[in-house]
Amino acid sequence: MGFWIASVAGLAIAYLLGSIPTGYLAGRLLKGVDIRELGSKSTGATNVLRTLGKWPALVVLLVDVLKGAAAIVFARWFYPWLQTLPSISPPIALDQQNFVLWAVCLAGLAVLLGHSRPIWLNFKGGKSVATGLGLLLAIAWPVGLGAVTVFGITLAIFRIVSLGSILAALTAIALVCGLEQPLPYRLLVIAGSLYVIVRHRMNIQRLLTGTEPRLGRSAVIRN
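Residues numbered from 1 in each chain as written. Predicted model: local features only at pLDDT ≥ 70, side-chain atom pairs only at ≥ 80, totals over all residues. Heavy atoms only, no water.

The name recorded for the protein chain in an unreviewed UniProt entry is Glycerol-3-phosphate acyltransferase, from Rhizobium dioscoreae. UniProt, in the comment section headed Pathway (unreviewed entry), describes the protein chain in these words: "Lipid metabolism; phospholipid metabolism." In its Sequence similarities (unreviewed entry) section, the UniProt record describing the protein chain reads: "Belongs to the PlsY family." (UniProt positions renumbered as here; feature names shortened; annotations may be inferred.)

Listed below in structure tokens is the structure:
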């Protein structure tokens with residue numbers, strides 16, 4: 001029982017990493033505003049860019065990417081370490097290698113959920129794009145690199161962040177299915193990418209009606 005409780009605690013830590021409200025803190029610290037009441041009302045880097053400016057957005061973007069990567073790095077260390085503790089012995093029948101892979105998969109989903117549904121902000125956060133990128137780079141860097149390349153090309157051509165994010169998520173699914181990856185990692189990327197796309201459902205509606213704003217439409221707040 002102690003082993004499973006500790007395992008769930010590891011997932012809680014991954015969730016809390018994702019829950020760090022970077023964009024919200026940037027708004028409060030830099031302008032004394034609640035970013036959830038401005039622009040798209042998201043706490044992600046894109047809304048930070050439109051409401052606070054490019055440098056705060058860059059910092060928020062980097063921190064959010066690091067959150068995703070940190071959750072995977074933590075899970076890869078924590079679960080093998082957990083199995084070495086004499087006071088918390090895993091079940092005898094447990095396949096330790098497969099357990100770690102599935103635990104990393106769940107930790108990845110937990111950090112995505114934490115970013116989009118942070119406990120500190122009444123479960124209203126961002127769309128998990130940057131955190132998802134960090135996750136991708138940590139578990140399979142070729143997949144992450146391919147996704148960010150598609151995002152960059154799309155952004156350069158269309159100047160629409162949401163379109164780049166959606167196409168990057170679809171690219172990640174295609175790459176992880178085409179490359180040699182463990183089943184848990186494939187399922188993590190597929191589930192996480194679909195979750196990111198679902199989080200963009202309002203953006204998809206605006207894309208279809210041609211009303212989705214392009215990058216450069218700023219709403220920077222000035223004191």
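Engineer: Honestly, the overall build of the protein chain in this entry has me stumped. Any pointers?
Structural biologist: Across its full length, the protein chain carries ten helices and zero strands. Start at the N end of the protein chain and walk to the C end: the helices and strands fall as α-α-α-α-α-α-α-α-α-α. Here the C-alpha radius of gyration of the protein chain, 18 Å, is about what a compact globule of 223 residues would show, namely 17 Å. Counting over 223 residues, the protein chain shows a buried share of 48%. Taking as baseline every contact in the protein chain between residues at least 6 positions apart, the subset at least 24 positions apart corresponds to 68%. Of the roughly 11,400 Å² that the protein chain leaves accessible, carbon and sulfur atoms contribute 70%. (Helix = DSSP H or I, 4+ residues; strand = E, 2+ residues; numbered from the N terminus. Rg over C-alpha atoms; globule rule 2.2 N^0.38 Å. Buried < 20%, exposed > 50% of the residue type's maximum accessible area, 1.4 Å probe, protein only. Contact = heavy atoms within 4.5 Å. Areas by Shrake-Rupley, 256 points an atom, 1.4 Å probe, with all protein chains shown as cover.)

Engineer: What is the right way to read helix α5 (residues 96–116) from this model?
Structural biologist: Two residues of an α-helix separated by three or four positions point the same way, owing to the 3.6 residues in each turn. Helix length check: α5, at 21 residues, gives a terminal C-alpha distance of 30 Å against a target of 30 Å (1.5 Å per residue), a fit within 8%. The opening residue of α5 is aspartate 95, an N-cap whose side-chain oxygen sits 3.3 Å from the backbone nitrogen of glutamine 97. (Expected span 1.5 Å × (residues − 1). Polar contact = N/O pair within 3.5 Å; in protein donor to acceptor, adjacent residues only side chain to side chain.)

Engineer: Would you mind showing me how to read the side chain of asparagine 203 here?
Structural biologist: Relative to the assigned elements, asparagine 203 resides in helix α10 (residues 201–209). On the basis of relative accessible area, asparagine 203 is assigned to the buried category, the value being 7%.

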